[in-house]
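# Observations on chain architecture
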Amino acid sequence: MYKLYLLYRFIKESFTTVLNSTCGECEIPVWEKYTLSIEEAAEYFRIGENKLRSIINKDKFAEFILWNGNRAQIKRKLFEKHIDKMSFI
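First, a word on what this report is: a plain description of the structure on this page. (Residues numbered from 1 in each chain as written. Predicted model: local features only at pLDDT ≥ 70, side-chain atom pairs only at ≥ 80, totals over all residues. Heavy atoms only, no water.)

## Digging into the sheet that holds strand 3 (residues 71-75)
Overall, antiparallel pairing links the three strands, which are arranged 1-3-2 in an open sheet. Among the strands making up the open sheet, the edge pair consists of strand 1 (35-36) and strand 2 (65-68). Bridging between strand 2 and strand 3 involves four bridges; their strand directions are antiparallel. Across the sheet, Trp-67 pairs through a bridge with Ala-72, a residue of strand 3. (Pairing = 2+ DSSP bridges. Helix = DSSP H or I, 4+ residues; strand = E, 2+ residues; numbered from the N terminus.)

## A look at the pattern of salt bridges
In this structure the tally under the stated criterion is four salt bridges. We note a salt bridge from Glu-40 to Lys-33, for which the minimum N-O separation is 2.5 Å. Residue Lys-33 is classed as buried on the basis of its relative accessible area of 16%. Look at the salt bridges and you will find they share partners, linking Glu-39, Glu-49 and Arg-53 into a network. (Salt bridge = Lys/Arg side-chain N within 4 Å of Asp/Glu carboxyl O. Buried < 20%, exposed > 50% of the residue type's maximum accessible area, 1.4 Å probe, protein only.)

## Let's talk about the packing of helix 2 (residues 38-45) against helix 3 (residues 49-58)
Contact pair helix 2 / helix 3: the axes reach a minimum separation of 9 Å and the direction vectors enclose 115 degrees. The angle between helix 2 and helix 3 places the two elements in the roughly perpendicular class. By crossing handedness, the relation of helix 2 to helix 3 is classed as right-handed. On the side of helix 2, the interface is formed by Ile-38, Glu-39, Ala-41 and Ala-42, while helix 3 contributes Glu-49, Leu-52, Arg-53 and Ile-56. Its residues placed into classes, the contact of helix 2 with helix 3 shows five nonpolar, no polar and three charged. (Axes fitted to C-alpha atoms, helices over the stretch in contact; angles between N-to-C directions. Parallel < 35°, antiparallel > 145°, perpendicular 65-115°, else oblique. Left-handed = near helix turned anticlockwise from the far one by under 90°. Contact = heavy atoms within 4.5 Å. Nonpolar A, V, L, I, M, F, W, Y, C, P; charged D, E, K, R; others polar.)

## Focus: a nonpolar patch on the surface
A contiguous nonpolar surface patch, about 620 Å² in accessible area, is contributed by Met-1, Leu-4, Leu-7, Phe-10 and Ile-11. Mapped onto the elements, Phe-10 comes out in helix 1 (residues 2-23). Judged by relative accessible area, Phe-10 falls into the exposed class, the value being 56%. (Patch = residues over 30% accessible without salt bridge, like charges linked within 9 Å, V, L, I, M, F, W, Y side chains within 5 Å. Areas by Shrake-Rupley, 256 points an atom, 1.4 Å probe, with all protein chains shown as cover.)

Without other data, these values stay purely geometric and don't point to any function.
Structure follows, in structure tokens:
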């Protein structure tokens, strides 16, 4: 009976550890996100943060920008289309 109890505790602790490690910090890959922060977009598109900020400041109401309060979020797919139209940045 004691062995069965130890097995139960082992399984319970293992299951709890697995649940906590997989669901505790669920991170969405950048290429699947709808919007990116300026820092994420700079890394994803390999464009400097200052350059992204200047692009945003040129047209604050561009279709690829989503404002969350005073924080600009880049709509990834629309920004990809915007960049495809450009010859240089």
